[in-house]
Amino acid sequence: MTTQILASVATASTDGSALGGIAEWAVNIMEAIGAPGAGLAIALENLFPPLPSEVILPLAGFAASQGNFSLPAALIWTTLGSVLGAWVLYGIGAWLGRDRMRALVSRVPLVDIEDVDKVEAWFDRHGYKAVFFGRMIPIFRSLISIPAGIERMPIWKFLALTTAGSLIWNSIFVFAGYYLGESWHIVEEYAGVFQKIVIAAVVVAAVWYIVSKVRSHRRKKAAGPVEPVEPAEGE
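Everything numeric in this text was worked out from a predicted model, so none of it was measured.

**A closer look at the UniProt feature "transmembrane region" (unreviewed entry) in the chain**
Logical step 1: Mapped onto the present numbering, the UniProt feature "transmembrane region" (unreviewed entry) falls on residues 74-97, 158-181 and 193-211.
Logical step 2: In residues 74-97, helix accounts for 100% and strand for 0%; the two terminal C-alpha atoms are 35 Å from one another.

Structure below.
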């Protein structure tokens, strides 16, 4: 069974649709310890975002379709892996804390503490939704755990939202790999388009932020220092 999976990985790599080395690594882990191997791979994917869940999850579904383990086991273990990885990142955010974070941000060019205050206010209002939906957005699915830790979101709410969001995301890809079989790599191709859209949106937002900050800095510099108003006599 594993031979057939590795053969499909080789085919996908030849077609240029998937990261062959990562896919083969994931298959070897699943072969060694079964469904927990899929969970371990996804936990590492959370900690190291360059490892693509869009490759690992469909492969877990394909492996389940080949009888390496059951479909429920694939869903349970990959979701546990997602939650474990997110919990570690939450812990890093909690260790960093608001004071350390603000001290680090104060050293970053073009970033003001007022910007941090705005982000914190936004997270206070929308943090629960951000954690839930963030688990279904490439790049943000890992990073969203860090601000949740910094802001000390109640851990049980964080874990519940992370589990729910991860289960939805994982189910889509695991089921796709299960039913597509040897064509599992098609999932990664379409997911790659979505990821490129997200990356493009992030780049556009970053460029807009930098340009607006540079313009604001130039306006303040051109205006010069604000002269203090001296009180009139007799006041």
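**Let's talk about the side chain of T78**
Logical step 1: Its place among the elements puts T78 in helix 5 (residues 71-105).
Logical step 2: Residue classification places T78 among the buried positions, given a relative accessible area of 0%.
Logical step 3: When near neighbours in sequence (up to four residues on either side) are disregarded, T78 contacts A38, G39, I42, L57, A60, N170 and V174.

**So, the nonpolar core**
Logical step 1: Judged by nonpolar contacts, the single largest core of 26 residues is most densely connected at M30, I56, L57, L59, F69 and V174.
Logical step 2: Breaking this core down by element, the ones donating at least two residues are helix 2 (20-33), helix 3 (35-47), helix 4 (53-65), helix 5 and helix 9 (155-180).
Logical step 3: Ranked by residues supplied to this core, first place goes to helix 4 with 7 residues.
Logical step 4: By size, the runner-up hydrophobic cluster in this structure holds 9 residues, among which are A86, F123, M153 and F158.

**Quick word on a nonpolar patch on the surface**
Logical step 1: A contiguous nonpolar patch, built from L84, W87, I155 and W156 and spanning about 460 Å² of accessible area, is present on the exposed surface.
Logical step 2: Secondary-structure assignment places W87 in helix 5.
Logical step 3: Assessed through its relative accessible area of 45%, W87 is described here as partly exposed.

**A word on the pattern of salt bridges**
Logical step 1: Counted according to the given criterion, the structure contains 1 salt bridge.
Logical step 2: E45 is the salt-bridge partner of R141, the closest N and O atoms lying 3.3 Å from each other. Taken together, the residues span a long stretch of sequence, with R141 in helix 7 (residues 140-143) and E45 in helix 3 at a distance of 96 residues.
Logical step 3: The class for R141 is buried, based on a relative accessible area of 2%.
Logical step 4: Since its relative accessible area comes to 3%, E45 is described here as buried.

**Some words on the environment of F69**
Logical step 1: Note on placement: F69 falls in the loop between helix 4 and helix 5.
Logical step 2: Assessed through its relative accessible area of 10%, F69 is described here as buried.
Logical step 3: C-alpha separation for the pair F69 and A35, spaced 34 residues apart in sequence, amounts to 6.2 Å.

**Here we look at the packing of helix 4 against helix 9**
Logical step 1: In the contact formed by helix 4 and helix 9, the axes pass within 6 Å of each other and the chain directions differ by 50 degrees. The pairing of helix 4 with helix 9 is recorded here as oblique in orientation. Two packed elements cross with a definite hand, and for helix 4 against helix 9 that hand is right-handed. Along its contact with helix 4, which presents S53, E54, L57, P58, G61, F62, A64 and S65, the element helix 9 presents W169, N170, F173, V174, G177 and Y178.
Logical step 2: Split by residue class, the contact of helix 4 with helix 9 holds 8 nonpolar, 5 polar and 1 charged.

**Structural notes on helix 3**
Logical step 1: For helix 3, with 13 residues, the first-to-last C-alpha span of 19 Å sits near the 18 Å given by 1.5 Å per residue.
Logical step 2: Residues of helix 3 that are buried: A35, G37, A38, G39, A41, I42, A43, E45 and N46.

**Here we look at the packing of aromatic side chains**
Logical step 1: Scanning the model with the defined rule gives 5 aromatic pairs in all.
Logical step 2: Ring centres of F132 and F133 lie 4.9 Å apart, and the angle between their planes is 75 degrees; on these two criteria the pair is classed as edge-to-face.
Logical step 3: Classification of F132 by relative accessible area gives buried; the value is 18%.
Logical step 4: Ring centres of Y178 and Y179 lie 5.1 Å apart, and the angle between their planes is 80 degrees; on these two criteria the pair is classed as edge-to-face.

**A look at the environment of M30**
Logical step 1: Mapping M30 onto the fold places it in helix 2.
Logical step 2: When the C-alpha atoms of M30 and L40 are compared, they prove to be 9.0 Å apart, with 10 residues separating the residues in sequence.
Logical step 3: Excluding its chain neighbours within four sequence positions, the residues that come into contact with M30 are G37, A38, I56, L59, A60, A63 and F69.

What counts, and at which threshold
- Residues numbered from 1 in each chain as written.
- Predicted model: local features only at pLDDT ≥ 70, side-chain atom pairs only at ≥ 80, totals over all residues.
- Heavy atoms only, no water.
- UniProt positions renumbered as here; feature names shortened; annotations may be inferred.
- Helix = DSSP H or I, 4+ residues; strand = E, 2+ residues; numbered from the N terminus.
- Buried < 20%, exposed > 50% of the residue type's maximum accessible area, 1.4 Å probe, protein only.
- Contact = heavy atoms within 4.5 Å.
- Core = buried A, V, L, I, M, F, W, Y, C linked by side-chain atoms within 4.5 Å.
- Patch = residues over 30% accessible without salt bridge, like charges linked within 9 Å, V, L, I, M, F, W, Y side chains within 5 Å.
- Areas by Shrake-Rupley, 256 points an atom, 1.4 Å probe, with all protein chains shown as cover.
- Salt bridge = Lys/Arg side-chain N within 4 Å of Asp/Glu carboxyl O.
- Axes fitted to C-alpha atoms, helices over the stretch in contact; angles between N-to-C directions.
- Parallel < 35°, antiparallel > 145°, perpendicular 65-115°, else oblique.
- Left-handed = near helix turned anticlockwise from the far one by under 90°.
- Nonpolar A, V, L, I, M, F, W, Y, C, P; charged D, E, K, R; others polar.
- Expected span 1.5 Å × (residues − 1).
- Phe/Tyr/Trp six-rings, centres within 6.5 Å; stacked < 30°, edge-to-face > 60°.

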